[in-house]
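Each chain, written out:
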Amino acid sequence: MPLDKDSLAHVAIIASPAIGDSLLLMTVAHNLRRAGSNVTVFGAHIHALRAWFPGFDIRPALPPDQASEVLRDYGAVVQLHEARPLPEPHAIHPRALILEHLCRMRSPQSMAQRLVEYCRAELGLLDPEKHNGLVPPAGLVHRSHQARVVIHPTASTPDKCWLASRFVTLARRLRDEGLDPHFIISPAERPQWEHVQELGLGLPALGGLDEVAAWIFGSGWFIGNDSGIGHLASNLHVPTLSLFMRQGGARTWRPDWGPGRILVGGDYIPTGKLKEKLWKYALTPGRVARDFSRFRANGSWPSPYAVAAAGAAMPAL
């Protein structure tokens, strides 16, 4: 069914089960809301971060068996991927807008910027912005611990993960340079990383995603794999160094809100299968440390946030 202005008056955003995809799709939610749409967001991760998205109607993830009934009265439904989290969105709603084509298109733009262009070109919104509506809760101070480096050594799939031992080597090197590295991992992953505390490295015990966001918000820097937590760090405007397997993935999925730099481990490895197997061995701790040192030396970024006591909104991007 064709899209019209009335369809966008009341829109449901079906956020992904992935953290990064959820934050990216909030760009569409934010720009629709700016344009006057009544927007409801369904998703577990955004619901966990609902205090960071004031003014939005945010609800828990929508069970697929309830979707037809719940979404019946919405003019349009937006989902990033064709089959997740709702497996057959077009069968559920006549105006299901699936943005999978943006993920697959050949473009030098990041996914964050592609969503801005989608809002302009396909939804007809005037002056869309890359900001996704995230606002720090009152009382938090941005990058208050300048020497603290958040290291996120895991990702959604093993092929995206740099070698664990090399993350530890990197962290020890950063500590020797006077920085304060801390590993951020999920509670389920914690047993595999508790040994870093014996080396004098930080391993904070954090609760939900909102607590992780607050910890990152107060940190000076972030280093991690291609992961949703990297997108969260960028969304919080903490300078972010992201480690990627290949250039194509980095071009599309690089975090692209705050200051950032990408480092591709498989640049000189032929064929995709070899890149997938060898990039994490080709990328050395020394190379990552040198790149991070250059990143720190070459950038001086004023914080877009004052003390978040007033919960001031982010400026347009």
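Owing to the predicted nature of the structure, the values given are computational and were not obtained by experimental measurement.

Enquirer: When you look at the overall build of the protein in this model, what are you seeing that I'm missing?
Expert: Scanning the protein for helices and strands turns up 12 helices and 10 strands. A compact globule built from 317 residues should have a C-alpha radius of gyration of about 20 Å, and the protein, at 20 Å, falls within 12% of that. Once local pairs closer than 6 in sequence are excluded, the contacts in the protein between residues at least 24 apart make up 61%. As displayed, the protein offers around 14,000 Å² of accessible surface, 52% of which is attributable to carbon and sulfur atoms.

Enquirer: Before we go on, may I ask you to explain a nonpolar patch on the surface in this structure?
Expert: Taken together, Leu274, Leu278 and Tyr281 make up a surface patch of nonpolar side chains, about 270 Å² in accessible area. For tyrosine 281, the position within the fold is in helix α11 (residues 272-282).

Enquirer: What is the right way to read the nonpolar core from this model?
Expert: Ranked by internal contacts, the top residues of the largest apolar core, which has 51 residues, are Ile13, Phe53 and Leu232. At the level of elements, β1 (10-14), α1 (19-34), β2 (38-42), β4 (76-79), α5 (100-104), α6 (111-121), α8 (209-217) and α9 (228-235) are the ones that each hand at least two residues to this core. For this core, the element with the most residues is α1, which contributes eight residues. Not counting residues within four places of it along the chain, the set of residues in contact with isoleucine 13 comprises Leu25, Val28, Ala29, Leu32, Val39, Thr40, Val41, Phe42 and Val78. Counting residues in hydrophobic clusters, the runner-up holds 27 residues, among them Val168, Leu170, Trp221 and Leu283.

Enquirer: It is not clear to me how the sheet that holds β2 should be interpreted in this structure. Could you clarify?
Expert: Pairing is parallel across the open sheet formed by five strands, whose spatial order is β3-β2-β1-β4-β5. Of all strands in the sheet, those bounded by a partner on one side alone are β3 (57-59) and β5 (96-98). Within this sheet the neighbouring strands show an average axis-to-axis angle of 20°, counted without direction. Of the strand pairs in this sheet, β1 and β2 are connected by five bridges, and their pairing is parallel. Looking at β2, one finds that valine 11 is bridged to valine 39. Here α1 sits on the sheet in contact with β1, β2 and β4, set at roughly 165° to β1.

Enquirer: In this structure, what is going on with the packing of α8 against α9? I would like to understand it.
Expert: How two helices sit against one another is set out by the angle between their axes and by the gap between those axes. For the pair α8 and α9, the least separation of the axes is 10 Å and the interaxial angle reads 55°. Comparing their axes, α9 and α8 come out oblique. Relative to α9, α8 is oriented so that their crossing is right-handed. Where α8 approaches α9, its residues Leu209, Val212, Ala213 and Ile216 are matched on the opposing element by Ile229, Leu232 and Ala233. Its residues assigned to classes, the contact of α8 with α9 shows seven nonpolar, no polar and no charged.

Enquirer: Could you clarify how one ought to interpret the side chain of asparagine 31 in this entry?
Expert: Tracing the backbone shows asparagine 31 in helix α1. A relative accessible area of 2% places asparagine 31 in the buried class. In terms of polar contacts, asparagine 31 uses its side chain to reach the backbone carbonyl oxygen of glutamate 129, at 2.8 Å. Once you skip the residues sitting within four places of it in the chain, asparagine 31 turns out to touch Cys119, Leu125, Pro128, Glu129 and His131.

Enquirer: Just checking my understanding: could you explain the confidence of the model for the protein for this structure?
Expert: Reading fine detail from the predicted coordinates is not recommended where pLDDT is low. Scored by pLDDT, the protein has a mean of 93; 95% of the residues are at 70 or more. Counting contacts from residues 307-317, a segment whose pLDDT is below 50, to residues more than four positions away or on other chains yields 28 contacts.

Enquirer: Would you mind showing me how to read the pattern of salt bridges here?
Expert: Between side chains of opposite charge, pairing is possible as soon as their charged atoms come close. Under the counting rule described, the total for this entry stands at 11 salt bridges. Between arginine 34 and glutamate 129 there is a salt bridge whose closest N-O contact spans 3.9 Å. Of this pair, arginine 34 sits in helix α1 while glutamate 129 is found in the loop between α6 and β6 (145-152), placing the two residues 95 residues apart along the sequence. Note on arginine 34: relative accessible area 44%, which makes it partly exposed. Assessed through its relative accessible area of 8%, glutamate 129 is described here as buried.

Enquirer: Sorry if this is basic, but what is going on with the pairing of strand β10 (residues 260-264) here?
Expert: On a regular strand, one side chain projects to one face of the sheet and the next to the other, so that they alternate. In this structure, strand β9 (residues 240-244) lies alongside β10, joined through five bridges in parallel fashion. Within β10, the residue paired with serine 242 across the bridge is isoleucine 262.

Enquirer: When you look at the packing of aromatic side chains in this model, what are you seeing that I'm missing?
Expert: The relation between two aromatic rings is expressed through the spacing of the ring centres and the mutual angle of the planes. Considering all chains together, one arrives at 10 aromatic pairs under this definition. Arranged with centres 6.0 Å apart and planes meeting at 70°, the rings of tryptophan 221 and tryptophan 301 form a pair that is edge-to-face. A residue pair is termed long-range when its members are at least 10 positions apart, and tryptophan 221 in strand β8 (residues 219-225) and tryptophan 301 in the segment after α12 (285-298) qualify at 80 residues. Residue tryptophan 301 is classed as partly exposed on the basis of its relative accessible area of 30%. Ring plane angle 50° and centroid distance 5.2 Å describe the contact between phenylalanine 295 and tryptophan 301, whose orientation is recorded as tilted. A connected cluster of aromatic rings, assembled from ring pairs, spans Trp221, Phe292, Phe295 and Trp301.

What counts and what doesn't
Residues numbered from 1 in each chain as written. Predicted model: local features only at pLDDT ≥ 70, side-chain atom pairs only at ≥ 80, totals over all residues. Heavy atoms only, no water. Helix = DSSP H or I, 4+ residues; strand = E, 2+ residues; numbered from the N terminus. Rg over C-alpha atoms; globule rule 2.2 N^0.38 Å. Contact = heavy atoms within 4.5 Å. Areas by Shrake-Rupley, 256 points an atom, 1.4 Å probe, with all protein chains shown as cover. Patch = residues over 30% accessible without salt bridge, like charges linked within 9 Å, V, L, I, M, F, W, Y side chains within 5 Å. Salt bridge = Lys/Arg side-chain N within 4 Å of Asp/Glu carboxyl O. Core = buried A, V, L, I, M, F, W, Y, C linked by side-chain atoms within 4.5 Å. Buried < 20%, exposed > 50% of the residue type's maximum accessible area, 1.4 Å probe, protein only. Pairing = 2+ DSSP bridges. Axes fitted to C-alpha atoms, helices over the stretch in contact; angles between N-to-C directions. Parallel < 35°, antiparallel > 145°, perpendicular 65-115°, else oblique. Left-handed = near helix turned anticlockwise from the far one by under 90°. Nonpolar A, V, L, I, M, F, W, Y, C, P; charged D, E, K, R; others polar. Polar contact = N/O pair within 3.5 Å; in protein donor to acceptor, adjacent residues only side chain to side chain. pLDDT = per-residue confidence, 0-100. Phe/Tyr/Trp six-rings, centres within 6.5 Å; stacked < 30°, edge-to-face > 60°.

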